[in-house]
Amino acid sequence: MQKQKSPMNPIQNFLLNFLTVISVLWVLFGFVIGIINVPNADMSPNMKAKDLLLYYRLDNSYHAQDVIVLVKNDTTYIGRIVAVGGDTVDISDSEQLKINGNFVSEPQIQNTTPRFEGFVSYPVQLEENEYFVLADMRGGAEDSRYYGVVNIHEIRGKAVAIIRRRSFAV
């Protein structure tokens, strides 16, 4: 049996394949996956400034310990959810995080959690679809202690991968 020739020449075939790949990437990175440069050291040592963070945009189910990308007051932040709707958040005088009256053990966090006076009144009772978000570097990071609770509509997505950027001294 004889093989039929394609009605397109090789250049047309290449362009069609190229446009298909570009369209798939546009949909994937335009609507499903987001990419952001980590703006600062607030999530250190787990994420460093200038690392690339890939996040999944289509998830609407968030849990404690999820790392999320959110927009609050026209500023993009990255933080870790520590409490969800229905929880009560407090920070003790000894700078320990308390959720629902219990001290929280956070082995990945190396610093204490100070209150930022004048921004949030403690204890904070979260409503449905509200989250309390803290950065991993607790000392001076801007997080829910600074800008308040995060509504689900302010969350852009859940972190799925970090691409480390290395800086080399010349």
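**Regarding the environment of alanine 49**
On the secondary structure map, alanine 49 appears in the loop between strand S1 (33–37) and strand S2 (52–56). Look at alanine 49 and you get partly exposed, because its relative accessible area is 37%. For the pair alanine 49 and arginine 165, spaced 116 residues apart in the sequence, the C-alpha separation amounts to 8.8 Å. Setting aside its immediate chain neighbours within four residues, alanine 49 contacts Val38, Asn40 and Ala41.

**So, the sheet that holds strand S6 (residues 97–99)**
Taking strand neighbours across the sheet as the criterion, the four strands line up as S7-S6-S5-S8 in an open arrangement whose pairing is antiparallel. Every interior strand has two partners, whereas the edge strands, strand S7 (102–103) and strand S8 (124–125), have only one. When strand S5 (residues 88–91) meets S8, the two strands line up antiparallel, connected through two bridges. Across the sheet, threonine 88 pairs through a bridge with glutamine 125, a residue of S8.

**Focus: a nonpolar patch on the surface**
A surface patch of nonpolar side chains, amounting to about 1,000 Å² of accessible area, comprises Ile11, Phe14, Leu15, Phe18, Leu19, Val21, Ile22, Leu25, Leu28, Phe29 and Ile35. Broken down by element, the residue count for the nonpolar patch peaks at 10 residues, all from helix H1 (residues 10–32). Position of leucine 25 relative to the elements: it lies in helix H1.

**Side note on the pairing of strand S9 (residues 130–134)**
Counted residue by residue, S9 has five buried out of five residues, so it is predominantly covered. On S9, burial covers both faces: Glu130, Phe132 and Leu134 on one face and Tyr131 and Val133 on the other are all buried.

**With respect to the packing of aromatic side chains**
Tallying each qualifying case throughout the model produces five aromatic pairs. With 5.3 Å between their ring centres and 90° between their planes, tryptophan 26 and phenylalanine 31 make a pair best called edge-to-face. Residues tyrosine 62 and tyrosine 131 carry aromatic rings whose centres are separated by 6.0 Å and whose planes lie at 85° to one another, so their mutual orientation is edge-to-face. Placement of the pair is tyrosine 62 in the loop between S2 and strand S3 (67–72) and tyrosine 131 in strand S9, with a sequence separation of 69 residues. For the pair tyrosine 62 and tyrosine 131, a shared accessibility class is recorded, and that class is buried. Its guanidinium or amino end placed over the ring of phenylalanine 103, lysine 98 lies 5.3 Å from that ring's centre, counting from NZ or CZ. Here the basic side chain of arginine 145 rests over the ring of phenylalanine 116, its NZ or CZ set 4.1 Å away from the ring centre.

**Focus: the sheet that holds S1**
Ordered in space as S1-S2-S11-S3-S4-S9-S10, the seven strands form an open sheet in which the pairing is antiparallel. Looking at strand neighbours, the two that pair on one side only are S1 and strand S10 (150–151), the edges of this open sheet. With three bridges connecting them, S3 and strand S11 (residues 155–163) associate as antiparallel partners. Note on S11: the bridge partner recorded for leucine 70 is isoleucine 155. H1 rests against S1 and S2 of the sheet, and its axis sits at about 70° to S1.

**Some details on the nonpolar core**
Judged by nonpolar contacts, Val82, Ala83, Val89, Ile91, Leu97, Ile99, Val120, Tyr122, Val124, Leu126, Phe132 and Leu134 together constitute the single largest core of 12 residues. Among all residues touching isoleucine 99, those that are not within four sequence positions of it are Val82, Ala83, Asp87, Thr88, Val89 and Val104.

**Concerning the pattern of salt bridges**
For the structure shown, the criterion picks out eight salt bridges. A salt bridge links glutamate 154 to lysine 72, with the shortest nitrogen-to-oxygen separation between them at 3.1 Å. Taken as a pair, glutamate 154 in the loop between S10 and S11 and lysine 72 in strand S3 lie far apart in primary sequence, 82 residues in all. Using a relative accessible area of 10% as the deciding quantity, one classes lysine 72 as buried. Between arginine 80 and aspartate 136 there is a salt bridge, with its nearest N and O atoms 2.8 Å apart. A residue pair is termed long-range when its members are at least 10 positions apart, and arginine 80 in strand S4 (residues 75–83) and aspartate 136 in the loop between S9 and helix H2 (144–147) qualify at 56 residues. In this structure, arginine 80 and aspartate 136 share a single accessibility class: buried.

Definitions and cut-offs
Residues numbered from 1 in each chain as written. Predicted model: local features only at pLDDT ≥ 70, side-chain atom pairs only at ≥ 80, totals over all residues. Heavy atoms only, no water. Helix = DSSP H or I, 4+ residues; strand = E, 2+ residues; numbered from the N terminus. Buried < 20%, exposed > 50% of the residue type's maximum accessible area, 1.4 Å probe, protein only. Contact = heavy atoms within 4.5 Å. Pairing = 2+ DSSP bridges. Patch = residues over 30% accessible without salt bridge, like charges linked within 9 Å, V, L, I, M, F, W, Y side chains within 5 Å. Areas by Shrake-Rupley, 256 points an atom, 1.4 Å probe, with all protein chains shown as cover. Salt bridge = Lys/Arg side-chain N within 4 Å of Asp/Glu carboxyl O. Phe/Tyr/Trp six-rings, centres within 6.5 Å; stacked < 30°, edge-to-face > 60°. Lys NZ or Arg CZ within 6 Å of the ring centre and 35° of its normal. Axes fitted to C-alpha atoms, helices over the stretch in contact; angles between N-to-C directions. Core = buried A, V, L, I, M, F, W, Y, C linked by side-chain atoms within 4.5 Å.

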